[in-house]
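# Architecture and fold: a report
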Protein chains: 2
Amino acid sequence: MPKDTFFNLPDVKSNLIILAAVEEFSRASFTAASINQICRRANIPKGSFYQYFRDKLDLYVYIMKLAIEEKIRLFSSVIDDFSTLTLPEQVRLLFLKGVEFANRHPDYAALGEQFSKESDESAKAAVIKEGGRLSESLFLQMIDNAKSKGEIDNRVDSLALSLLLKSLNSAVNEYMLEKFGGAGYEENREEIDGFVDSLLNIVFNGIRSGKD
Amino acid sequence: MPKDTFFNLPDVKSNLIILAAVEEFSRASFTAASINQICRRANIPKGSFYQYFRDKLDLYVYIMKLAIEEKIRLFSSVIDDFSTLTLPEQVRLLFLKGVEFANRHPDYAALGEQFSKESDESAKAAVIKEGGRLSESLFLQMIDNAKSKGEIDNRVDSLALSLLLKSLNSAVNEYMLEKFGGAGYEENREEIDGFVDSLLNIVFNGIRSGKD
DNA sequence: AAAGAATATGACCACATGGTCACATATCGA
DNA sequence: TCGATATGTGACCATGTGGTCATATTCTTT
């Protein structure tokens, strides 16, 4: 957690620091990201930085937590409705919300993309501990829930399916980021929806217990 | 390409350098990987290193090329039989060969894993240019081929499916690496086969033109 | 106005980085 | 044996890193 000094800062200043940090941690891994760079971008001296944060990890975890909280905020409204939906509908919603998140907060999405590639184990652990797996076990829960409701075949390997959905989800995000990179979500909503649907169609048209 | 000096080295020495480099580039990104570390591990002075390689990128590209060539070597035998197989069989073979590769060359596999996370664009481009996309467009070709043979429904989005297979492939590798990490391929062959099959079962039981 | 606490600041530290270069040592052909 | 050519080698360079700290400034309280 940042020191009190940081929270006493005027919002304009602290926001600038946050922005600079988000940009830097989106650009590079935890190790490769540079405090000097962040200070330069936020227009604060190095001495001040260490007045606000204990060390690099302190800042890193804080920034990640902000992004995670934002994502949870956007997703929570959707998850409330989950109980009334079938698994394919749930997954579809999750995917689309993911795309929406990436377009509403491209900076945070890039941050998440970078985090998924992070190789500094201790930094990763610190972030996860501080609040986020979110989608880690979510898919598994959804799948088992769907099984117990008889929505999908019991013989389907839950772990395999959840792994599939997880990797697919990140693939979709990566694809969207590459194709529309930051802008054009509203304009291309139809195309995006169609793409997601065609993906899910492949996956789900074989695992329903019932036939078409 | 390494300088002549490198190729004139006795095999024991050059192999030691290669080994040290593979280890270092598996551990860290291109930027984070350290020449000093490699020299230390290979027991050669820094001056000698630059007698062998133009710079860091030169070594990086060379090491990656070695791994790619090894992978191609293992895969090429399989690809020859492709024309006689259906798409699911092809994909299954590809997945299993991938797992086999990871177990025969865990060092190279780790290298590939690291490369897929590489964020230095110019380093990435240099590697790709020097010889490898391999599986980049392979899936797309296989899919279109299967379509023209009427194996899968023409309405299936080729790009979506190839994306799915690609991300699935990396998910399998990641999962295997995590679960059996380096050893135990032969002992767990049944379990691995079963896992791959259950994944592919999910995907393919919905995209065949014919019904069960 | 004075005293005391909270902040701001940049020079500085030890260390690591990729890369160079002058010089030492082998190797080889004549 | 001598000269030339190819190799080996580590001190050195400029630059960057995360982090510290003594000092200066500002704010708050009396």
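Before reading on, note that the structure itself is shown above.
The model shown is predicted, which means the values in this text are computed figures rather than measured ones.

### Concerning the protein's contact with DNA strand D
In the neighbourhood of DNA strand D, 18 residues make up the surrounding shell, with Ser34(A), Asn36(A), Lys46(A), Asn8(B) and Gly47(B) lying closest. The sugar-phosphate share of atoms of DNA strand D within 4 Å of the protein amounts to 63%. With respect to DNA strand D, the backbone of Ile35(A) contributes an N or O atom lying 2.9 Å from a phosphate oxygen. Between a phosphate oxygen of DNA strand D and a side-chain N or O atom of Tyr50(A), the distance comes to 3.0 Å. Residue assignment for the surface near DNA strand D shows that the elements contributing at least two residues are α3 (35–42) and α4 (46–52) of chain A together with α4 (46–52) of chain B. Per-element tally for the surface near DNA strand D: the top contributor is α4(B), with 4 residues. When the residues that make up the surface near DNA strand D are grouped by side-chain class, the tally is 6 nonpolar, 7 polar and 5 charged.

### Some remarks on the protein's contact with DNA strand C
Taken together, 17 residues lie near DNA strand C, and Asn8(A), Gly47(A), Ser48(A), Ala33(B) and Lys46(B) sit nearest. Backbone atoms, meaning sugar and phosphate, form 64% of the atoms of DNA strand C found within 4 Å of the protein. Lys46(B) places a polar side-chain atom, nitrogen or oxygen, 2.9 Å from a base oxygen of DNA strand C. Elements supplying a minimum of two residues to the surface near DNA strand C: α4 of chain A together with α3 (35–42) and α4 of chain B. Ranked by residue count, the leading element in the surface near DNA strand C is α4(A), at 4 residues.

### Here we look at the nonpolar core
Core analysis: the largest hydrophobic core is formed by 138 residues, its most contacted members being Phe25(A), Leu161(A), Phe25(B) and Phe95(B). Once residues lying within four places of it in the same chain are set aside, the contact partners of Phe25(B) are Phe30(B), Ala33(B), Ile38(B), Lys56(B), Leu59(B), Tyr60(B), Leu111(B) and Gln114(B).

### Let's talk about the relation of the copies chain A and chain B
The operation relating chain A to chain B is a screw motion whose rotation component is 180°, with 0.1 Å of axial translation and a residual RMSD of 0.1 Å. On the angle and the small slide along the axis, the relation comes out as a two-fold axis. A symmetric contact is evident, with 100% of the interface residues of chain A recurring at the interface of chain B.

### Observations regarding the packing of helix α2 (residues 11–27) of chain A against helix α7 (residues 106–117) of chain A
All names here are of chain A. Direction vectors running N to C along α2 and α7 enclose 40°, while the axes themselves pass 8 Å from each other. Taken together, the axes of α2 and α7 lie oblique to each other. Considering how the two elements wind past one another, α2 and α7 form a crossing that is left-handed. Across the interface between the two elements, Val22, Phe25, Ser26 and Arg27 from α2 touch Asp107, Tyr108, Ala110, Leu111 and Gln114 from α7. Tallied by class, the residues present in the contact of α2 with α7 amount to 5 nonpolar, 2 polar and 2 charged.

Rules used in this analysis
Residues numbered from 1 in each chain as written. Chains lettered and ligands numbered in written order. Predicted model: local features only at pLDDT ≥ 70, side-chain atom pairs only at ≥ 80, totals over all residues. Heavy atoms only, no water. Near = heavy atom within 4 Å. Polar contact = N/O pair within 3.5 Å; in protein donor to acceptor, adjacent residues only side chain to side chain. Helix = DSSP H or I, 4+ residues; strand = E, 2+ residues; numbered from the N terminus. Nonpolar A, V, L, I, M, F, W, Y, C, P; charged D, E, K, R; others polar. Core = buried A, V, L, I, M, F, W, Y, C linked by side-chain atoms within 4.5 Å. Buried < 20%, exposed > 50% of the residue type's maximum accessible area, 1.4 Å probe, protein only. Contact = heavy atoms within 4.5 Å. Least-squares fit on C-alpha atoms with pLDDT ≥ 70 in both. Axes fitted to C-alpha atoms, helices over the stretch in contact; angles between N-to-C directions. Parallel < 35°, antiparallel > 145°, perpendicular 65-115°, else oblique. Left-handed = near helix turned anticlockwise from the far one by under 90°.

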